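Topology and contacts: notes
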Amino acid sequence: MNLCDMREVRALLGRHGFRFSKSMGQNFLIEDWVPRQTAAASGADSAHGVLEIGPGIGCLTRELCRLAGRVVSVELDSALLPVLAETMAGAGNFTLIPGDILKLDIPALVDQSFPGLTPLACANLPYNITTPALRALVEAKRFASITVMVQREVALRLAARPGTGDYGAFSVYMQYHTQPEVLFDVPASCFLPAPKVTSAVAHCPVRSRPPVSPACGEAFFFQTVRAAFALRRKTLANSLASVFGQLGKVRLADVIASCGLPPTVRGEALGMEELAALADGLWAALAEG
């Protein structure tokens, strides 16, 4: 069965009485080059175990099974379980787990599913869970890389550089933990039904160590990052005051100046090292009282 042939896909879904769910962000691929290139981009081979989120009818899943030693897919929609039972029949290295990826213990799932294999994550992520799913995959601390198809605007945010409109707190988060790269766009015409946005595939190799090591620690570093972007159209001083107002404007201005930053700088202009220095400066100022 060709899972990227629209006629065969419609017949398959009809046999199982399947109806698309907008709330689940379901859009199935109908261009075979997309799952093929996405699976290849993941770097999967027989030494890897791949966790997939939202397999749909199995287009990407099949390609991953051709490459990887083992593939485990988590599917929330129970209506797709019999569909996948048909489309993935005979794939001996495939396991389907019904459930919500955001409610599963991902580290335990990976440890149980991929003994002796290097874990990867690869998925055509449902649009409505993109950010929490990426956070969950990163925080699992199990994957060598994360390869995802997401809305193009999200993919651009992952890899955005300081000073650009796409750069934000989530850019910093992903770049702290991984090295995101946008590989290729996927037009809306590649899906059934066609979404209203262009998608893109991003490959995110997980870093062995973060690019910065602020003395204040990771938790406070990210508190500072969120504060720096809290008021995007305001200066960094005003944005920080919305979170660290107890320091007062004069002390905040002193911290910013001690980092060698101009008083009118905005958070979106700061790179990782500048944010780390800022976090350490704020940490020290708070400790002084």
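Whatever comes next refers back to the structure up there.
The sections below set out a description of the structure shown in this document. (Residues numbered from 1 in each chain as written. Predicted model: local features only at pLDDT ≥ 70, side-chain atom pairs only at ≥ 80, totals over all residues. Heavy atoms only, no water.)

**With respect to the overall build of the protein chain**
For the record, the criterion: Helix and strand assignments come from DSSP, with helices taken as H or I runs of at least 4 residues and strands as E runs of at least 2, each series counted from the N terminus. In this scheme, a residue with accessible area under 20% of its type's maximum is buried, one over 50% is exposed, and one in between is partly exposed, where area comes from a 1.4 Å probe on protein chains only. Any two residues whose heavy atoms approach within 4.5 Å are treated as being in contact. Computed by Shrake-Rupley with a 1.4 Å probe, the accessible areas treat only the displayed protein chains as cover when residues are assessed.
On a plain count of helices and strands, the protein chain comes out with twelve helices and nine strands. C-alpha atoms of the protein chain, sized along the principal axes, occupy 70 × 40 × 30 Å. Residues counted as buried form 48% of the 289 residues belonging to the protein chain. Taking the intrachain contacts of the protein chain between residues at least 6 apart in sequence as the baseline, contacts between residues at least 24 apart amount to 69%. Put simply, the protein chain shows about 13000 Å² of open surface, and 52% of that area lies on carbon and sulfur atoms.

**Overview of the environment of Ala-160**
Within the secondary structure, Ala-160 is located in the loop between helix H7 (152–159) and helix H8 (169–177). C-alpha separation for the pair Ala-160 and Asp-45, spaced 115 residues apart in sequence, amounts to 29 Å. Residue contacts for Ala-160: discarding those within four places in its chain leaves Asp-166, Tyr-167, Ser-171 and Gln-175.

**Looking at the pattern of salt bridges**
What counts, and what does not: Between Lys or Arg on one side and Asp or Glu on the other, a salt bridge is scored when a side-chain nitrogen of the former is within 4 Å of a carboxyl oxygen of the latter.
In total, this model carries eight salt bridges according to the counting rule given. For Glu-86, the salt bridge goes to Arg-15, with nearest N and O atoms at 2.5 Å. With Glu-86 in helix H4 (residues 81–87) and Arg-15 in helix H1 (residues 6–15), this pair connects stretches of sequence that are 71 residues apart. Among the residues examined, Glu-86 registers a relative accessible area of 30% and is labelled partly exposed. The residue Arg-152 makes a salt bridge to Asp-185 at a minimum N-O spacing of 3.0 Å. Of this pair, Arg-152 sits in helix H7 while Asp-185 sits in strand S7 (residues 181–186), and the two are 33 residues apart along the sequence. For Arg-152, a relative accessible area of 34% corresponds to the partly exposed category. Residue Asp-185 is classed as partly exposed on the basis of its relative accessible area of 35%.

**Description of the sheet that holds strand S4 (residues 94–98)**
Our working rule: Strands are labelled as partners when DSSP assigns at least two bridges between them. Only the contacting stretch of a helix is used when fitting its axis, a line to C-alpha atoms as for every element, and angles between N-to-C directions run 0 to 180 degrees.
Read from one edge to the other, the open sheet built from seven strands follows the order S4-S3-S2-S5-S6-S9-S7, with strand pairing classed as mixed. Where the open sheet ends on each side, the last strands, each with one partner, are S4 and S7. With strand direction ignored, the average angle separating the axes of adjacent strands in the sheet is 20°. Two elements, strand S3 (residues 70–75) and S4, share five bridges in a ladder whose sense is parallel. Note that in S4 the partner of Ser-73 across the bridge is Leu-96. This element, helix H2 (residues 33–41), spans strand S5 (118–124), strand S6 (145–151), S7 and strand S9 (199–205) of the sheet and lies at about 170° to S7.

**A look at the layout of surface pockets**
How we decide: Note on definitions: the grid is 1 Å and covers protein atoms alone; a cavity is a set of points where a 1.4 Å probe fits but cannot get out; a pocket is an open set with protein on both sides within 12 Å along at least five of seven lines; lining residues have an atom within 4 Å of a point. Grid points are joined across faces, edges and corners, and a volume is the space filled by probe spheres set on the points. Ten residues, namely Ala, Val, Leu, Ile, Met, Phe, Trp, Tyr, Cys and Pro, are considered nonpolar, four, namely Asp, Glu, Lys and Arg, are considered charged, and the remaining ones, Gly among them, are considered polar.
Taken as a whole, the largest pocket spans an internal volume of roughly 450 Å³. Together, 29 residues line the largest pocket, and Met-24, Gly-54, Glu-75, Asn-124 and Pro-126 are the ones closest to its centre. Listed by contribution, the elements that provide at least two residues to the lining of the largest pocket are strand S1 (28–29), strand S2 (48–53), helix H3 (59–67) and S3. Residues belonging to the lining of the largest pocket are distributed by class as follows: 17 nonpolar, nine polar and three charged. The computed volume of the second largest pocket comes to approximately 250 Å³. Along its surface, the second largest pocket is lined by 13 residues, and Lys-22, Gly-25, Gln-26, Asn-27 and Pro-195 are the ones closest to its centre. Looking at the lining of the second largest pocket residue by residue, the class counts come to six nonpolar, five polar and two charged.

**Quick look at the pairing of S2**
Counting buried positions along S2 yields six of six residues, so the element is predominantly enclosed. Neither face of S2 is exposed, since His-48, Val-50 and Glu-52 on one face and Gly-49, Leu-51 and Ile-53 on the opposite face are all buried. Relative to S5, S2 runs parallel, the two sharing four bridges. Across the sheet, residue Gly-49 finds its bridge partner in S5, namely Pro-119. Where S2 and S3 come together, five bridges link them in parallel fashion.

**Structural notes on the packing of helix H11 (residues 248–258) against helix H12 (residues 272–288)**
Put simply, the rule is: What sets the label is the angle itself: under 35 degrees gives roughly parallel, over 145 gives roughly antiparallel, 65 to 115 gives roughly perpendicular, and the rest give oblique. Helix crossings are classified by the rotation of the near helix relative to the far one: an anticlockwise turn of less than a right angle makes the crossing left-handed, while a clockwise turn makes it right-handed.
The N-to-C vectors of H11 and H12 enclose an angle of 140°; their axes lie 9 Å apart at closest approach. The angle between the axes of H11 and H12 places the two elements in the oblique class. The hand of the H11/H12 crossing is right-handed. Between H11, through Arg-251, Leu-252, Val-255 and Ile-256, and H12, the contact on the second element is made entirely by Leu-278, Gly-281, Leu-282, Ala-285 and Glu-288. Across the contact of H11 with H12, the residue classes break down as six nonpolar, one polar and two charged.

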